[in-house]
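Descriptive analysis of the structure
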Amino acid sequence: MNLLKIAAYTTAIVSASFVATSYAATLDDVKANGAVTCGVSQGLPGFSNPDDQGNWSGLDVDTCRAVAAAVFGDATKANFKPLSAKTRFTALTSGEIDMLPRNTTETLSRDAQHGNFPGVNYYDGQGFMVRKDLGVSSAKELGGAAVCTNTGTTTELNVADYFRSLGLEYTVVAFEKADEVVAAYDAGRCDVYTTDQSGIAAQRTKLADPSAHVILPEIISKEPLGPMVRHGDDQWFDIVKWSLNCMVDAEELGISSANIDEMKGSDNPGIQRILGESGDLGQLLGLPNEFCYSIVKQVGNYGESFDRNVGPDTPLGLSRGLNALWKDGGIMYAAPFR
Amino acid sequence: MAEVQSNVPPKKGGFSLSDTKTRGLIYQALTIAMVVYGIWWIIDNAANNMAAQNIKFGFGFLTTQSGFGIIQSLIDYNESSSYGRVFFVGLLNTLIVALIGCILTTIIGFIVGVGRLSKNWLINKISTIYVETLRNIPLLLQIFFWYNAVLKPLPGPRDVHDKGDQLWFSLSNNGLMIPKPIPEGGFWIVFTIFVLGIIGAIVIKKWAFNRQMATGQQFKTIWTTLGLIIVLPLLAFVVMGSPLHFQPGEMGTFRPNAGFGLNVIPEFIALLLALVAYTSAFVAEIVRAGIQSVSHGQTEASYALGLRPGPTLKLIIIPQAMRVIVPPLTSQYLNLTKNSSLAVAIAYPDLVAVFTGTVLNQTGKAVEIIMMTMLVYLSISLVTSTFMNWYNDRVKLVER
Ligand SMILES: N[C@@H](CCC(=O)N[C@@H](CS)C(=O)NCC(=O)O)C(=O)O
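Residues numbered from 1 in each chain as written. Chains lettered and ligands numbered in written order. Predicted model: local features only at pLDDT ≥ 70, side-chain atom pairs only at ≥ 80, totals over all residues. Heavy atoms only, no water.

So, on to the confidence of the model for chain B. Per-residue pLDDT for chain B averages 89, and the proportion of residues at 70 or more is 95%. With pTM at 0.85, the complex prediction returns an ipTM value of 0.84. (pLDDT = per-residue confidence, 0-100.)

Shown next as structure tokens:
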């Protein structure tokens, strides 16, 4: 009897302490932490790469800094957590990071299973790189080859689809870390290195002799790369989405970090709205009205970020291509600030 | 509940904190409550978080098509196989490297362990250096070392073979290519005879032992054993018309063609070498300690009884050393098995790499997949320790 009494009493305490857990909004968590925590790659030049002092830079890093600028008015209030392709989604769903700007391809299964995609910051496609002395000029000649790639990527799946649809044999050697993929390819373990074209351009710079390799003409997939956020937090989704849109719309309106303070005086109503001079668009998101001003002032517009990180004057040397604004022949098109 | 209550002394007035038995019960109840609370909290927390993110619990994903290739599989597998099959491919890849690893570790560990006690200066020093170096370098580093040691100096397959070459034995950065044994009809008869031979040899050994115990007469089993296990199956093999042939590898455009010969991938070789080198250093120390635990007086006593060094080692030293060696040896086997999950670093497709890694990444079924993985390692550990405990019971001193 006593035992029962005690057990009942204990159970009562136990259940009483189970106050229904309420899920704090990401924005509140971020504000409480004083910084946005972003999951990034373990080092992909042009997208997210630390220098020898541990300062991160890249297109994806800029996305994170833009959100920090939007929330805090200070682009430096961003922390970076390097993640392998394999572990990135677990880090996001478990709450270890607030967002995942990590050259991640939007796909249906990821959207349904892992989190939401507020937008695209780089339109890409998967390509192949081989050693020149292999004497291969098309991916269709690669039957029987060994292919090095990363585990937990769309790359791994696309390459399987591609060879299967052509009825070609292949072996895939899949590593967790990108640097190990590059090292194994360089050591001759594989005949082919495959990943997103931008990734090839970035990783090629790490090879012993980059000029001994060629990129094959085939592009075998669509890889819209963009940041991810957790399911179930619409406000945070909107904040990330409009931070991206801010950079693209600013470029379209001709606003850059250099001329933004002059632009502030503009009487163009569109410019006034996006910079928070008129209206209360920021407040609708739970942000300061001048959030987009902070982003462009501190991080730059999309074009500036592109040129600084992956553009023609960088080691990656990528041209705008699909990533040009829609009015310049690309598909970068952001909904209006209104 | 009834059992617990029957322990409560039938005392009037019941609840009294000064009663040690009651106090004991309270402590037990609190402990149980805390454990239950802990488990409840974990489950509740996981369930709430999963619900908040719209993640559903279930094992239906195991029948979904995987869509990715795996470099080594012991069972039929391709991109259209299911996630469930990926699980078995990964599991078998883990088991094969662990099994071969444990066998080689034992052999090398025993040799080096005995070597450390050798009176020969060179052997002694080499064994000491082996143990002290390998035991002190982190395993992951050793894995990378062997992978580079295997990959870097070996030629590419195209450098040493021309398209269409038959490969009977080839070592390249594509791995080790050896002929594949292909059994034909009638091979199973030879195999059955071989198994029967082993059983026969064991029976004779038992009989010889019992007879020696009873009558003191010795019976040399070595010749009957050899006859039953080697000569008899060999004879059957010839009589059946050699029902086994070997198929060599075949060079393709870039690498050896799939489906010809037996290719041991460099990732397997590197992982195996690293695991064996690392673990055998620990086993060597265990063996050395085991042998040293048997006092020298035992040897002297044995000699005094007229036993020669061979039987002394076999009948006196080893049985006593084994009871010291076996329990820690078990932990080393378990370590080796668990350490094999570092495979992912060099692209060896073990359970953790393909299932807990890739499948988890693709499906987001974190809870289910981690549960299955934990269950696998737990089962492997339990089976290994059960076997080793059984073996330990056999080798430990029978006190009379
Ligand atoms: N976009 C693809 C591939 C992403 C990916 O992980 N690519 C590799 C190769 S470029 C990478 O980013 N590696 C850098 C790293 O792991 O740090 C996906 O989302 O699955």
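Bringing the sheet that holds strand 12 (residues 223–228) of chain A into the picture now. All names here are of chain A. An order of 5-12-6 is seen for the three strands of this open sheet, with the pairing classed as antiparallel. Of all the strands in the sheet, just strand 5 (100–105) and strand 6 (122–124) have a single pairing partner and so form its edges. Strand-to-strand twist across the sheet, computed as the mean angle between neighbouring axes with direction ignored, equals 30 degrees. With three bridges joining them, strand 6 and strand 12 adopt antiparallel strand pairing. Following the sheet pairing, Tyr123 is matched in strand 12 by Pro224. (Pairing = 2+ DSSP bridges. Helix = DSSP H or I, 4+ residues; strand = E, 2+ residues; numbered from the N terminus. Axes fitted to C-alpha atoms, helices over the stretch in contact; angles between N-to-C directions.)

Further remarks concern the environment of Trp242 of chain A. All names here are of chain A. In this structure, Trp242 sits in helix 9 (residues 234–252). Separated by 40 residues in sequence, Trp242 and Gly282 have C-alpha atoms that sit 9.5 Å apart. Those residues in contact with Trp242, other than ones at most four positions away along the chain, are Leu285, Phe291, Ala335, Pro336 and Phe337. (Contact = heavy atoms within 4.5 Å.)

All names here are of chain B. On the surface, Phe191, Phe194, Val195, Leu196, Ile198, Ile199, Ile202 and Val203 cluster together into a nonpolar patch covering about 690 Å² of accessible area. With respect to the secondary-structure elements, Phe194 resides in helix 7 (residues 187–215). By relative accessible area, which is 31% here, Phe194 ends up partly exposed. (Patch = residues over 30% accessible without salt bridge, like charges linked within 9 Å, V, L, I, M, F, W, Y side chains within 5 Å. Areas by Shrake-Rupley, 256 points an atom, 1.4 Å probe, with all protein chains shown as cover. Salt bridge = Lys/Arg side-chain N within 4 Å of Asp/Glu carboxyl O. Buried < 20%, exposed > 50% of the residue type's maximum accessible area, 1.4 Å probe, protein only.)

Turning our attention to the domain arrangement of chain A. Residue and element names in this part refer to chain A. Domain parsing of chain A yields domain 1 (12–123 + 224–328) and domain 2 (126–221). Each of domain 1 and domain 2 was reduced to a C-alpha centroid, and the two centroids are 30 Å apart. Residue-level contacts link 19 residues of domain 1 with 14 residues of domain 2. Both faces combined, the contact of domain 1 with domain 2 buries some 1,200 Å², and carbon together with sulfur accounts for 57% of it. For the pair domain 1 and domain 2, the interface holds one salt bridge. Put simply, Glu176 and Lys86 hold a salt bridge, and the shortest N to O gap is 3.4 Å. Summed over the shared surface of domain 1 and domain 2, the result is four residue pairs in polar contact (both at pLDDT 80 or more). (Domains from an automatic or database assignment. Buried area = accessible area lost by both parts, 1.4 Å probe. Polar contact = N/O pair within 3.5 Å; in protein donor to acceptor, adjacent residues only side chain to side chain.)

A word on the packing of aromatic side chains. All names here are of chain A. Enumeration over the complete set of coordinates arrives at 23 aromatic pairs over all chains. Ring geometry for Tyr122 against Phe306: centres 6.0 Å apart, planes inclined by 5 degrees, an arrangement best described as stacked. Separated by 184 residues along the polypeptide, Tyr122 in strand 6 and Phe306 in helix 14 (residues 302–309) bring together distant segments of the chain. Phe306 shares its class with Tyr122; the two are buried. Aromatic ring contacts, followed pair by pair, group Phe47, Tyr122, Tyr302 and Phe306 into a single cluster. Across from the ring centre of Tyr293, 4.1 Å away, lies the NZ or CZ of Lys264, which sits over that ring. A cation over an aromatic ring shows up here: Arg320 above the ring of Phe306, its NZ or CZ 5.2 Å from the ring centre. (Phe/Tyr/Trp six-rings, centres within 6.5 Å; stacked < 30°, edge-to-face > 60°. Lys NZ or Arg CZ within 6 Å of the ring centre and 35° of its normal.)

As a further point, take the site of the ligand. Residue and element names in this part refer to chain A. Taken together, 21 residues sit near the ligand, with Gln42, Arg102, Asn103, Thr105 and Asp196 positioned nearest. In this structure, an oxygen atom belonging to the ligand sits 2.8 Å away from a side-chain N or O atom of Asn103. Here Asp196 contributes a side-chain N or O atom positioned 2.8 Å from a nitrogen atom of the ligand. Surface burial for the ligand is 99%, taken as the share of its 500 Å² of free accessible area covered by protein chains. Contributions of two or more residues to the shell around the ligand are made by strand 5, helix 6 (154–166), strand 10 (192–196) and strand 12. Considering every element that reaches the shell around the ligand, the biggest residue donor is strand 5, with four residues. Looking at the shell around the ligand, its residues break down into four nonpolar, twelve polar and five charged. (Near = heavy atom within 4 Å. Nonpolar A, V, L, I, M, F, W, Y, C, P; charged D, E, K, R; others polar.)

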